Amino acid sequence: MTEHVPRSIEVMRQQARDELAAIIEHRCRAGEDPWQFIPDLPSVDEQVVISLRSGAIEQFDLAEEQSRAHHPSAGRETFARFEYGVLRRIALEHPELSEAVWGMLDRVERR
């Protein structure tokens, strides 16, 4: 089992910048028009929030599947409440990311 090594927000931001730059470069080399796809890419801070939340959501997958097994109609709602809680916790623990978090909550609610 790999041990989780906490990363600073600045390190995560740099990794997000690098990842987004690689995506843009790859898609431009593939002949795509950056004006068409760049507006749909997450911001650097949104990418950091995605990284922070992914671990918690992966840990929750089993519980979500178990809740669906016992209460099939409750699965999606249970997951949505969990996702909201994760995003809220990230906003409270990392105030510098709160604007990105609330933008992502808007997207979750639209889904």
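Every value quoted in this text rests on a predicted model; they were computed, and no experiment measured them.

## Quick notes on the confidence of the model for the chain
Argument step 1. Looking at the chain, pLDDT values average 79 and 69% of them are 70 or higher.
Argument step 2. Averaged pLDDT values over the elements of the chain bottom out at 73 in helix H3 (residues 44-70) and peak at 92 in helix H1 (residues 9-29).

## As for the pattern of salt bridges
Argument step 1. As enumerated under the stated definition, the model contains 5 salt bridges in all.
Argument step 2. In this structure, Glu10 and Arg13 form a salt bridge, with 2.6 Å as the shortest nitrogen-oxygen distance. Taken together, the residues span about one helical turn, with Glu10 and Arg13 both in helix H1 at a distance of 3 residues.
Argument step 3. A salt bridge links Arg27 to Glu32; its shortest N-O distance comes to 3.0 Å.
Argument step 4. Residue Arg27 is classed as partly exposed on the basis of its relative accessible area of 26%.
Argument step 5. Because the salt bridges share partners, they merge into one network encompassing Glu10, Arg13 and Asp45.

## Focus on the nonpolar core
In a soluble, globular protein the nonpolar side chains are often hidden away together inside.
Argument step 1. Ranked by internal contacts, the top residues of the largest apolar core, which has 14 residues, are Val48, Val49, Leu87, Ile90, Leu97 and Val101.
Argument step 2. Not counting the four nearest positions on each side in its chain, Val49 is found in contact with Leu87, Ile90, Leu97, Ala100, Val101 and Met104.

## Quick notes on the environment of Pro42
Argument step 1. Summarising the element assignment, Pro42 is placed in the loop between helix H2 (34-37) and H3.
Argument step 2. Sequence-wise, Pro42 and Ala100 are 58 residues apart; in three dimensions their C-alpha atoms are separated by 9.3 Å.
Argument step 3. Residues contacting Pro42, with those up to four places away along its chain left out, are Leu20, Gln47 and Ile50.

About the criteria used
Residues numbered from 1 in each chain as written. Predicted model: local features only at pLDDT ≥ 70, side-chain atom pairs only at ≥ 80, totals over all residues. Heavy atoms only, no water. pLDDT = per-residue confidence, 0-100. Helix = DSSP H or I, 4+ residues; strand = E, 2+ residues; numbered from the N terminus. Salt bridge = Lys/Arg side-chain N within 4 Å of Asp/Glu carboxyl O. Buried < 20%, exposed > 50% of the residue type's maximum accessible area, 1.4 Å probe, protein only. Core = buried A, V, L, I, M, F, W, Y, C linked by side-chain atoms within 4.5 Å. Contact = heavy atoms within 4.5 Å.

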